[in-house]
Amino acid sequence: MTSQPEQRSPVPRRAVLGTALGGAAAAALPGTAHAEQQPSAAADSHGHPWKLRDTMTTDGAWDRFLRGQDLLWSRLPTLWYDGPFLGDGLLGSMIYQEPGAHQIRFTVQHGRVQDHRPEFGSGWGTARLPVGHLTLEPAGTITAVDWRLSLWNAELTGTVTTTAGTLTLAALIHDEVLAVRATANGGEQVTWTFHPEEAVSPRKIQESPPAGYTANPPWTERTSADGTEQVLQPLTGGGQTATSYRRTGDELLLSVGHSFPSDTAAEADSRRNLRRAVSYGALRRRHIRWWHAFYRKSFVSFPDQRLQSFHWIQLYKVACASRADGPVMATPGPWLEPTPWPAVWWNLNVQLEYWLIHAFNHPELDALATTLRQNQEQLTANVPAAYRSDSSGIGRSSDMFAHREVGRPGTGAETGDLTWALHNVWLSYRHSMDKSLLRDTVYPVLRRAINYYLHFLTPGSDGKLHLPSTLSPEYPIVPPQDTNYDLALIRWGCQTLLDSAELLGIDDESKPRWQEVLARLTPYPVDDNGFMIGADTPYAQSHRHYSHLLMVYPLYLVNWDQPEHRDLITKSVVRWHALTGAHRGYSYTGAASIYAMTGDGDTAIGYLRKFFDPTTRYPCRANTHYTEAGPVIETPLSASQSLHDMFCQSWGGIVRVFPAVPTAWADLTLHNFRTQGAFLVSAVRKAGQTRFIRIRSLAGEPLKLRHGLTGPLTVLLDDGTPARTHDLGDGTLAIDLPRGREVLVHSGSRPDLVIAPVAVSEPGAAWGLP
């Protein structure tokens, strides 16, 4: 070898109760109100001589564009990963044929509904629990469907044709209410039935309950004076789930409430949600106001029809699945189906789930940052008692309250997952430059996560600091020491703490220790094939994770701007994919993002397309969801991040515009694409050339722009004066851009400053079952 650069008694926790965001505004992270000042053109207060002409400012323009991205069905879906899906960040529904019947199932699941018995672990004791499903039961036999899932309106509409007549449907979810309108024609009739499901972990498909586990009590049903039906599900570990529904004429409204530790509050919550909804039409008006405002925060268009549609569907999907004031996404999202993973997985899944929200300019979807901020006491309780005075951690999987103990280095335990999750929160900080997020979450929790590592670092005979055995997720062989997954996270964590302490003005007593670790930590173990799993442990068998490559992506500690490391990066990713058999969807999205870092857009898109190849073992499914042994929401969401990495990157303090666009995509439009440093980037590429770049600064951070333009540059502020610039070489320009101001960068004569969809050059079928 050479070297180169579960289960415990519960602790007190706060039950998060409430409703999803509603109306026209979504909640932002605390302290980020300034980041929502996002005009599509430079502020008129400067009276500037240039302005973007944004063609995407009207409802009609958005309706036309997003209609081209909609999912369509001309065949009845028979599986959850073929059908339409709805959600509001809490309540979720998937629509497909009721197994074994000529009926249509609307699943009813909720992101807060979980068990509360941590002594039985995250797979059983604190697992997300099923709620139930509705069935629409036609009089005749279903012969055809014609459905559209409108992204613009976040609404399913269409017809069901049967041997008896036709049913016309519309459905949406808003404010924790599933609203369905169904009308019958000919000899058809509308019959709805709600089917409660047993409150038991979906993990039962894989294994028996642990010893001592007892079933939750049966549900009870009742009807109130106003005709509202309720199903009440008490839980052995405390808390309650309540499903309330009522039918009025052609409309059915249903809501789910969950309370803990209260055994009764869910009843009132679910009934209150129904009263507030009033009717399908009233709820729909609030619903479309929220979604229409949501989409306008950013825009991207590129010429591959099927991938472009996929990309917009992922934005719709993540907004269906997450809100900053709701629970962190479980591995299946809010659409619980039989699965061995009915919890939050912290060793890759949750990280990939949230990357795409940043560039899409939607910090209001970041439930991960909220979860870590609100559950710091639990993160402390997760480490062994001897270390709780200064350390925190989390095990591989948990409930929404981050309840899962973490093992000790030296035992082969997986110990780095909290630190990796904090990298996501640091990305949220970097994209908002909200110091409160850095001060209240990143700094204190990362300090404790790194402290846990520091207890175990020991000097070797070589004078270097070494880490005893830890697991590289999910490689089957545990290195005897110096696992690359953890070495990368330790390096990133210590440097981030040093930088953060300086930024926050904190004279931290641990600063000398962090500096010592950075100076003395053993180099990453490598061999002739690139990065190893850890000391004396080569990458020798196919591995779906890229945990041993974290220093390359997404941490960028070893990156393409370091020429001395390019051969090592290339060897490592080639070796990773040369050993086949274990690769899964995110193996391809990860490789795509790594190649995007190198500037090789053609290889990047080649790997990304493997995820969409139906001949692969685990491809993207018809409705853009993904499954292995059960629903796995993170992989399609990470595919959108791979596209973002081709369009614009901002690691290492440099904004890189169009760094790895595939050769076939001659035209591309970005608008209000959010980057690190809290910049909003608008840029247009035509005929393979960048035409202009406009950047708005939300925080006044230093701007370094790798622009990709050739020839003499024009760099103008929004008042028409030339910006102060400094050429840093390598096509990178430092630009003095104050907070709230905009700069326009182009070469040659001024181009048309138009933001508009690009023409499709690669047609493709709609998603769904068209």
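Because the structure is a prediction, the values reported are computed rather than measured.

J.: Got a minute to help me understand the overall build of the chain in this structure?
T.: Counting its regular elements, the chain contains 17 helices and 35 strands. Taking 770 residues into account, the globule formula puts the C-alpha radius of gyration at 27 Å, and the chain, at 26 Å, falls close to it. Viewed in the frame of its principal axes, the chain has a C-alpha envelope of about 75 × 65 × 50 Å. Here the chain, with 770 residues, has 65% of them falling under the buried criterion.

J.: Sorry, what's going on with unusual backbone geometry here?
T.: Residues other than glycine predominantly adopt negative phi, and peptide bonds predominantly adopt the trans conformation. Look at the link from Phe260 to Pro261: it is a cis peptide, with omega at 10°. Mapped onto the elements, Pro261 comes out in the loop between strand 16 (251-259) and helix 3 (265-277). Residues Tyr553 and Pro554 are joined by a peptide bond in cis, for which omega reads 10°. Considering the arrangement of structural elements, one finds Pro554 in the loop between strand 23 (530-531) and helix 14 (566-578). With phi around 60°, Glu176 is a residue other than glycine that occupies positive phi space. Mapped onto the elements, Glu176 comes out in the loop between strand 10 (165-174) and strand 11 (177-186).

J.: Would you mind going over helix 5 (residues 305-321) with me for this structure?
T.: Along an α-helix, residues three or four apart share an orientation, since each turn contains 3.6 residues. Its 17 residues place the ends of helix 5 24 Å apart at the C-alpha level, agreeing with the 24 Å of an ideal helix rising 1.5 Å per residue. Within helix 5, 16 of the 17 residues are buried, which leaves it mostly tucked inside the rest of the structure. Where helix 5 begins, the side chain of Asp304 points an oxygen toward the backbone nitrogen of Arg306, at a separation of 3.2 Å.

J.: Can you help me understand the pairing of strand 32 (residues 732-735) in this one?
T.: Every other side chain in a regular strand lies on the same face of the sheet, so the side chains alternate between the two faces. Residues Thr732 and Ala734 point to one face of strand 32 and Leu733 and Ile735 to the other, with burial holding for every one of them. Relative to strand 32, strand 29 (residues 703-706) runs antiparallel, the two being bridged by four bridges. Of the residues in strand 32, the one forming a bridge with Leu703 is Ile735. Note that strand 31 (residues 725-729) and strand 32 share four bridges and pair antiparallel. When the bridges of strand 32 are listed, Gly729 appears paired with Thr732.

J.: Explain the packing of helix 10 (residues 417-432) against helix 11 (residues 435-454) here, please?
T.: Geometry of a packed helix pair, given as the angle between the helix axes and the separation of the axes. Running from N to C, helix 10 and helix 11 cross one another at 160°; their axes reach a closest spacing of 10 Å. Here helix 10 lies roughly antiparallel to helix 11, going by the angle between them. Crossing hand, helix 10 versus helix 11: left-handed. Facing helix 10, whose interface residues are Leu418, Thr419, Leu422, Val425, Trp426, Ser428, Tyr429 and Ser432, helix 11 presents Lys435, Leu437, Leu438, Thr441, Val442, Val445, Leu446, Ala449, Ile450 and Tyr453.

J.: Would you mind going over the sheet that holds strand 24 (residues 648-649) with me for this structure?
T.: Working definition: the strands of a sheet are paired by backbone hydrogen bonds and lie parallel or antiparallel to each other. If you trace the five strands from one edge of the open sheet to the other, you get 24-25-29-32-31, paired in mixed fashion. Since the sheet does not close on itself, it has two edges, and those belong to strand 24 and strand 31, each with one partner. Pairing of strand 25 (residues 655-657) with strand 29 involves two bridges; the strand directions are parallel. Across the sheet, residue Arg656 finds its bridge partner in strand 29, namely Arg706.

J.: Teacher, can you tell me more about the nonpolar core here?
T.: Across soluble globular proteins, you tend to see nonpolar side chains buried next to one another. Membership of the largest hydrophobic core comes to 218 residues, with the highest contact counts inside it found for Trp147, Tyr295, Trp312, Tyr316 and Val743. Ranked by residue count, the leading element in this core is helix 11, at eleven residues. Within the second largest apolar cluster, nine residues are counted, among which are Ala179, Leu253, Leu274 and Tyr280.

J.: Whenever I open this one, the pairing of strand 9 (residues 155-162) confuses me. Can you help?
T.: Of the pairings in the sheet, the one linking strand 8 (residues 142-150) to strand 9 comprises eight bridges and is antiparallel in character. Within the sheet, the bridge partner assigned to Ile142 lies in strand 9 and is Thr162. The antiparallel pairing of strand 8 with strand 9 creates a hairpin that spans four residues between the two strands, and Ala154 there sits at a positive phi of about 50°. Taken together, the six bridges between strand 9 and strand 10 define a ladder with antiparallel strand orientation. By the bridge assignment for strand 10, Leu156 is matched with Ala171. What sits between strand 9 and strand 10 in their antiparallel hairpin is a turn of two residues.

J.: Explain the packing of aromatic side chains to me, please; I cannot follow it from the model alone.
T.: Two aromatic rings, taken as a pair, are described by how far apart their centres are and by the angle between their planes. Under the counting rule described, the total for this entry stands at 44 aromatic pairs. Ring geometry for Trp124 against Tyr213: centres 5.4 Å apart, planes inclined by 70°, an arrangement best described as edge-to-face. Of this pair, Trp124 sits in helix 2 (residues 121-125) while Tyr213 sits in the loop between strand 12 (192-196) and strand 13 (220-223), and the two are 89 residues apart along the sequence. Each member of the pair Trp124 and Tyr213 is classed as buried. Sitting over the ring of Trp767, Arg306 keeps its end group 3.5 Å from the ring centre.

J.: Just to check I follow, could you spell out the packing of helix 10 against helix 12 (residues 484-504) for this structure?
T.: Where helix 10 meets helix 12, the closest approach of the two axes is 10 Å, and the angle between their N-to-C directions is 40°. Taken together, helix 10 and helix 12 sit at an angle that is classed as oblique. Relative to helix 12, the crossing made by helix 10 is left-handed. Of the residues in helix 12, those in contact with Asp417, Thr419, Trp420, Leu422, His423, Trp426 and Tyr429 of helix 10 are Tyr485, Leu489, Trp492, Thr496 and Leu503. Classifying every residue of the contact of helix 10 with helix 12 by side-chain character gives eight nonpolar, three polar and one charged.

J.: Even after reading the chapter, I still don't get the sheet that holds strand 14 (residues 229-234), so can you show me in this structure?
T.: Here we have ten strands laid out as an open sheet, ordered 13-14-15-16-11-10-9-8-3-35, and mixed in their pairing. Either end of the sheet is taken by a strand with one partner, and the two such strands are strand 13 and strand 35 (768-769). Helix 3 contacts strand 11, strand 13, strand 14, strand 15 (240-248) and strand 16 of the sheet and is inclined by roughly 30° relative to strand 15.

J.: What am I meant to see in the environment of Ile594 here?
T.: Along the chain, the position of Ile594 falls in helix 15 (residues 585-597). Judged by its relative accessible area of 1%, Ile594 falls in the buried class. In sequence terms Ile594 and Ala734 are 140 residues apart; their C-alpha atoms lie 25 Å from each other. Not counting residues up to four positions away in its chain, the partners in contact with Ile594 are Leu549, Val552, Tyr553, Ile569, Val573 and Trp576.

J.: What should I look at first to understand the side chain of Ser255 in this one?
T.: Structurally, the position occupied by Ser255 is in strand 16. Only 2.9 Å separates the side chain of Ser255 from the side chain of Asn273, close enough to count as a polar contact. Once you skip the residues sitting within four places of it in the chain, Ser255 turns out to touch Glu176, Val177, Ala242, Thr243, Ser244, Ser270, Asn273 and Leu274.

J.: Honestly, the pattern of salt bridges in this entry has me stumped. Any pointers?
T.: Two side chains bearing opposite charge may form a pair once their charged atoms approach each other closely. For the structure on display, the rule yields 31 salt bridges. Of the charged contacts, one joins Glu474 and Arg544 as a salt bridge, the two residues approaching to 2.5 Å between their closest N and O atoms. Here Glu474 is found in the loop between strand 21 (465-466) and helix 12, whereas its partner Arg544 is found in the loop between strand 23 and helix 14, with 70 residues between them in sequence. What makes Arg544 buried here is its relative accessible area of 18%. The partner of Glu628 in a salt bridge is Arg544, and the shortest N-O contact between them spans 2.7 Å. Here Glu628, found in the loop between helix 16 (601-611) and helix 17 (634-647), pairs with Arg544, found in the loop between strand 23 and helix 14; they are 84 residues apart in sequence, far enough to count as distant. For the pair Glu628 and Arg544, a shared accessibility class is recorded, and that class is buried. Taken together, the shared-partner salt bridges connect Glu474, Arg544, Arg584 and Glu628 into one network.

Rules used throughout
- Residues numbered from 1 in each chain as written.
- Predicted model: local features only at pLDDT ≥ 70, side-chain atom pairs only at ≥ 80, totals over all residues.
- Heavy atoms only, no water.
- Helix = DSSP H or I, 4+ residues; strand = E, 2+ residues; numbered from the N terminus.
- Rg over C-alpha atoms; globule rule 2.2 N^0.38 Å.
- Buried < 20%, exposed > 50% of the residue type's maximum accessible area, 1.4 Å probe, protein only.
- Expected span 1.5 Å × (residues − 1).
- Polar contact = N/O pair within 3.5 Å; in protein donor to acceptor, adjacent residues only side chain to side chain.
- Pairing = 2+ DSSP bridges.
- Axes fitted to C-alpha atoms, helices over the stretch in contact; angles between N-to-C directions.
- Parallel < 35°, antiparallel > 145°, perpendicular 65-115°, else oblique.
- Left-handed = near helix turned anticlockwise from the far one by under 90°.
- Contact = heavy atoms within 4.5 Å.
- Core = buried A, V, L, I, M, F, W, Y, C linked by side-chain atoms within 4.5 Å.
- Phe/Tyr/Trp six-rings, centres within 6.5 Å; stacked < 30°, edge-to-face > 60°.
- Lys NZ or Arg CZ within 6 Å of the ring centre and 35° of its normal.
- Nonpolar A, V, L, I, M, F, W, Y, C, P; charged D, E, K, R; others polar.
- Salt bridge = Lys/Arg side-chain N within 4 Å of Asp/Glu carboxyl O.

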